[in-house]
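Working through the structure, step by step
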Amino acid sequence: MKKELPERFRDYKHVWVLIEMERGQVHPVSWELLGEGRKLADKLGVELAGALLAGPGEATQKAVDEAFSYGADLVYLMEDPLLADYRNQPYAAAMTDLVNTYKPEILLMGATNLGRDLAGTVATTLATGLTADCTELAIDHEGSLAATRPTFGGTLLCTIHTLNFRPQMATIRPRVMAMPEAQEGRSGRVIRHALVMEESSIITKILDFIADANMEKAQLAYADIVVAGGMGLGRPENFKLVTDLAAVLGAEYGCSRPVVQKGWMPAERQIGQTGKTIRPRLYIAAGISGAIQHRVGVEGSDIILAINTDPNATIFEFAHMGIVGDALQILPALTEAFRRRLAVNRLAG
Amino acid sequence: MHIVVCIKQVPDSAQIRVHPVTNTIMRQGVPTIINPYDLFSLEEALRLRDQLGGKVTVITMGPKMAIEALKKCISYGADDAILLTDKVFAGSDTLATSFALASAIAKIGETNPVDMVFCGKQTIDGDTAQVGPGIARRLHMQQLTYVAQVEKVDLDKGEIVVHRRSEGGVQVLATRLPCLVTMLEGSNEMRYGSMDDLFRAARYEVAEWDHKAAGITVTAQCGLKGSPTVVKKVFAPPAKAVKAEVIKTEGKTPREVADALLTSVFAKHPKLEMEIGQ
Ligand SMILES: Cc1cc2nc3c(=O)[nH]c(=O)nc-3n(C[C@H](O)[C@H](O)[C@H](O)COP(=O)(O)OP(=O)(O)OC[C@H]3O[C@@H](n4cnc5c(N)ncnc54)[C@H](O)[C@@H]3O)c2cc1C
Ligand SMILES: Cc1cc2nc3c(=O)[nH]c(=O)nc-3n(C[C@H](O)[C@H](O)[C@H](O)COP(=O)(O)OP(=O)(O)OC[C@H]3O[C@@H](n4cnc5c(N)ncnc54)[C@H](O)[C@@H]3O)c2cc1C
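Position numbers for residues count from 1 along each chain, tracking the sequence in the order it is written. In the order they appear in the text, chains get letters beginning with A and ligands get numbers beginning with 1. It should be noted that, the model being predicted, local features are given only for residues of pLDDT at least 70 and side-chain atom pairs only at 80 or more, the latter also being counted only at that level, while totals for whole chains, interfaces and linings use all residues. Hydrogens and water molecules were not included; the side-chain quantities draw on all heavy atoms of the structure.

Under an unreviewed UniProt entry, the name given to chain B is Protein FixA, and the source organism is Magnetospirillum gryphiswaldense. Of the comments in the UniProt record for chain B, the one headed Sequence similarities (unreviewed entry) reads "Belongs to the ETF beta-subunit/FixA family." UniProt positions are given in the numbering used here, feature names are shortened, and annotations may be inferred rather than shown by experiment. Recorded in UniProt under Function (unreviewed entry), the annotation for chain B is "May play a role in a redox process involved in nitrogen fixation."

Once that is clear, we can look at the packing of helix α2 (residues 67–76) of chain B against helix α5 (residues 195–203) of chain B. Residue and element names in this part refer to chain B. Put simply, α2 and α5 touch, their axes get as near as 7 Å, and they point 155 degrees apart. Between α2 and α5, the angle is such that the two are roughly antiparallel. Crossing hand, α2 versus α5: right-handed. Residues K71, I74, S75 and Y76 of α2 form the contact with α5, whose own contacting residues are D197, L198, R200, A201 and A202. Broken down by class, the residue content of the contact of α2 with α5 amounts to 5 nonpolar, 1 polar and 3 charged. Only the stretch in contact is used when a helix axis is fitted, and all axes are lines through C-alpha atoms; the angle between N-to-C directions ranges over 0 to 180 degrees. Note on conventions: DSSP H or I runs of at least 4 residues are helices, E runs of at least 2 residues are strands, and numbering of each starts at the N terminus. We call two directions roughly parallel when the angle between them is under 35 degrees, roughly antiparallel when it is over 145, roughly perpendicular when it lies between 65 and 115, and oblique otherwise. Helix crossings get a hand from a simple test, with the near helix turned counterclockwise from the far one by less than a right angle marking a left-handed crossing and a clockwise turn marking a right-handed one. The criterion used for residue contact is that any of the two residues' heavy atoms lie within 4.5 Å. Only Asp, Glu, Lys and Arg are considered charged, only Ala, Val, Leu, Ile, Met, Phe, Trp, Tyr, Cys and Pro nonpolar, and every remaining residue, Gly among them, polar.

Definition of nearness: a residue and a molecule or strand are near each other if at least one heavy atom of the residue lies within 4 Å of the molecule or strand. Lining the immediate environment of ligand 2, one finds 32 residues, of which C6(B), K8(B), D38(B), T94(B) and T128(B) sit closest. Polar contact criterion, stated in full: a pair of N or O atoms within 3.5 Å, where within protein one must be able to donate a hydrogen and the other to accept it, and residues adjacent in sequence count only if both atoms are side-chain atoms. A distance of 2.8 Å separates a nitrogen atom of ligand 2 from a polar atom in the side chain of R149(A). Contact between ligand 2 and K8(B): an oxygen atom at 2.6 Å from a side-chain N or O atom of the residue. When ligand 2 sits alone it has 930 Å² of accessible area, and the protein chains cover 92% of it. When contributions to the shell around ligand 2 are tallied by element, the ones reaching two or more residues are β7 (130–134), β9 (145–151) and β10 (156–162) of chain A together with β6 (55–61), α3 (94–111) and β8 (116–120) of chain B. Here the shell around ligand 2 is composed, by residue class, of 13 nonpolar, 13 polar and 6 charged. What sets the accessible areas is the Shrake-Rupley method with a 1.4 Å probe; for residues, cover comes only from the shown protein chains.

Turning to the site of ligand 1, a few remarks are in order. All names here are of chain A. Around ligand 1, a shell composed of 25 residues is seen, among which S256, T274, S289, Q293 and N308 lie nearest. S256 is positioned such that a nitrogen or oxygen atom in its side chain is 2.5 Å from an oxygen atom of ligand 1. Taking H294, its side chain carries an N or O atom lying 2.9 Å from an oxygen atom of ligand 1. Protein coverage of the free-state accessible area of ligand 1, which is 990 Å², stands at 77%. Among the secondary structure elements, those contributing two or more residues to the shell around ligand 1 are α7 (257–261), α8 (292–298) and β17 (303–308). Classifying every residue of the shell around ligand 1 gives 7 nonpolar, 15 polar and 3 charged.

Our focus in this paragraph is the pairing of strand β5 (residues 74–79) of chain A. Residues and elements named next belong to chain A. Buried residues are those whose accessible area, probed at 1.4 Å on protein chains only, stays under 20% of the maximum for their type, while exposed residues exceed 50% and partly exposed ones sit between those limits. Among the 6 residues of β5, 5 are classified as buried, and the element is accordingly described as predominantly covered. Note: two strands are recorded as paired if DSSP finds a minimum of 2 bridges between them. Sheet topology note: the strand β4 (residues 48–54)/β5 ladder contains 6 bridges and is parallel. The partner of L53 across the bridge, within β5, is M78. As a crossover connection, the stretch from β4 through helix α2 (residues 58–69) into β5 is right-handed. Summarising the sheet, β5 and strand β12 (residues 189–192) pair through 4 bridges and their orientation is parallel. By the bridge assignment, L77 is partnered in β12 with R192. The definition of a right-handed crossover adopted here requires that, viewed with the strands pointing away, the path from the first strand over the helix to the second runs clockwise.

A word on the pattern of salt bridges. For this document, the term salt bridge refers to a Lys or Arg side-chain nitrogen within 4 Å of an Asp or Glu carboxyl oxygen. All chains considered together, the criterion is met by 34 salt bridges over all chains. A salt bridge links E66(A) to K62(A); its shortest N-O distance comes to 3.7 Å. Taken together, the residues span about one helical turn, with E66(A) and K62(A) both in helix α2 at a distance of 4 residues. The exposure class assigned to E66(A) is partly exposed, which follows from its relative accessible area of 23%. Ionic pairing is found between D125(B) and K8(B), a salt bridge with its closest N-O pair at 3.1 Å. Of the two residues, D125(B) sits in the loop between β8 and α4 (131–138) while K8(B) sits in the loop between β1 (2–6) and β2 (9–11), which places them 117 residues apart along the sequence. Taking relative accessible area as the criterion, D125(B) reaches 2% and is therefore assigned buried. Judged by its relative accessible area of 30%, K8(B) falls in the partly exposed class. Several salt bridges converge on common partners, so that one network encompasses E43(B), R47(B), R49(B), D50(B), D79(B) and R191(B).

Residue and element names in this part refer to chain A. In summary, the pairing rule links any two rings of Phe, Tyr or Trp, Trp by its six-membered ring, whose centres are within 6.5 Å, and it sorts them by plane angle into stacked for under 30 degrees, edge-to-face for over 60 and tilted for everything else. Overall, the coordinates contain 8 aromatic pairs over all chains when judged by the stated rule. A centroid spacing of 6.3 Å and a plane angle of 55 degrees characterise the contact between F9 and F165, whose relative ring orientation is tilted. Taken together, the residues F9 in the segment before β1 (15–19) and F165 in the loop between β10 and β11 (168–172) connect sequence positions 156 residues apart. For F9, a relative accessible area of 7% corresponds to the buried category. By relative accessible area, which is 27% here, F165 ends up partly exposed. Ring centres 5.0 Å apart and planes at 20 degrees place the aromatic pair W31 and Y70 in the stacked group. Of this pair, W31 sits in helix α1 (residues 29–44) while Y70 is found in the loop between α2 and β5, placing the two residues 39 residues apart along the sequence. Comparing W31 with Y70 shows no difference in burial state: the two are buried. Cluster of aromatic residues (ring-pair linked, three or more members): F9, Y12 and F165.

Structure, rendered in structure tokens:
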């Protein structure tokens, strides 16, 4: 298919990122996307805007300031009590109205529960293309967004364009794009836009919110060090070796999918295509074969250290360091070695 | 209570290859299954029907061979099944897919009003999670995605209460029927079909609908024509150039191996040593 952008879309300009805020908390993927959006905007020679839908309050003002520090030139702000909690109807109406009014050429959202719920509705309302769960974004020679995403569980990548509709929409996995450095003191324009809606016209009501007792879900994706175990550990008791090492390192722990399927670890600990994407400085994978669906979730790690008895295990094809050996012996030895080393460092001050 | 469940037939294994010339996916010879995420939605629908009475209609858009997946749903206890199949649907992206499915569901509703639509959270092949929200939008239904639990359905009041997974917690939401729900994996377990249902499935004649049967008169929004996204390139992930630095273990104790490893890790990432244990 050729690019023949209809006249009505010619004035759609600039790159937008949804600043995803839920219950006063900005999801870090928003900043990752501003970092990536900055590159796209610079390539196109256009502005980068954050779109923030939120309830009134200090947290909202802070989010605006942070958006500037992470690279936004301007922020479209819809501040209204009806937007304090995520609900599809008011959020979709708000986002659609913003797009129709200010006409961005590219609209990016995190591939979170909120982002995916919202993006599907907005793209359908606007009758435009939406590329899901992307891991790479680029601008092609015609100035179109080239969005690359894994499919079939990561065995394949495909690059998708929305040539003749605007905005070009994409959701992007958290932790795939690097977190940009915050530039303190950077500021920009705020464009306020009102939500035209009454609570009485919102059909879905929030009866309650049950906060997670431990925020472990979020922590795994954003941990600096992650230790994970796979089926190579043999039995559920052996996962203590993984959690012991994690404890010494102040790290988070995780596992491969079959470990979850066996019921040895809860689903929120799964790493990979259908689990969490992680981007730690150090990832230690013990008894994990390195299937493509696992690989796509860990590739952003600075150092991948694999422990596997099989010298031909696939994981050695993308690990930075490896030990061919029995994880049941190496893990406790590693725990000890780190413990000793850290004790020495602490003494040294 | 009339519930429509959307299911998709997907390739069973991730071992899919791409045609080197046409860049299309070669599905030949790969066994197919019902998208695993759809089973949680089907089971929830069956439970609600068992509890409140009524019927479950299963629908899929796909090639003729998808009849097998629909019959499987009948064997689990679904009452009726419709295959939406037509050349004009070929090459649909999620926008065109949700158009076709929403049209068909609206048509189904003309003879038997629909109280709920269930979709899977996402598929394991296209994996977009966009079709459910697309259908809800087109049918002007409220959508409840990532539902961990259906707390109650009150048919008289036309109300439903669910627990929905969101970032950092669970929202308890109440909304109006008809609505669209996608269930979270692990929220229930698919039943074994009864003997009766197994026999019924074997004899069951799946209704086949083309675009006209689905009430679509203008096909501009269908298939490739109705799809704003264009797949430009399909390719395998590039292999990594550098091989792993493998630490020798022969003749060493685990302790020596671990020490050697630490030295190596910290040499590669000097900042790490300072940060750990802080
Ligand atoms: C659609 C789809 C989505 C998927 N999503 C995910 C996902 O998100 N995450 C994920 O992880 N997987 C996912 N998978 C599954 C994936 O394909 C693999 O099956 C899985 O990652 C394998 O897990 P594993 O490496 O723990 O087990 P195995 O493949 O069984 O590997 C065990 C490894 O341990 C080694 N070993 C054995 N004993 C020892 C020992 N004593 N010490 C050290 N090593 C030992 C073996 O040599 C082997 O390499 C998905 C699959 C599909 C089809
Ligand atoms: C490699 C590849 C990448 C793609 N990427 C994109 C993309 O980024 N954006 C895009 O718009 N399209 C994309 N498509 C097209 C998309 O996969 C198809 O439109 C597909 O028919 C539906 O999308 P899905 O499989 O992602 O379903 P999802 O939206 O993940 O499915 C959610 C639920 O909707 C229901 N459902 C989905 N399809 C059907 C069906 N045919 N019949 C009945 N119920 C169904 C099921 O209940 C399913 O569980 C891609 C296709 C390929 C081959």
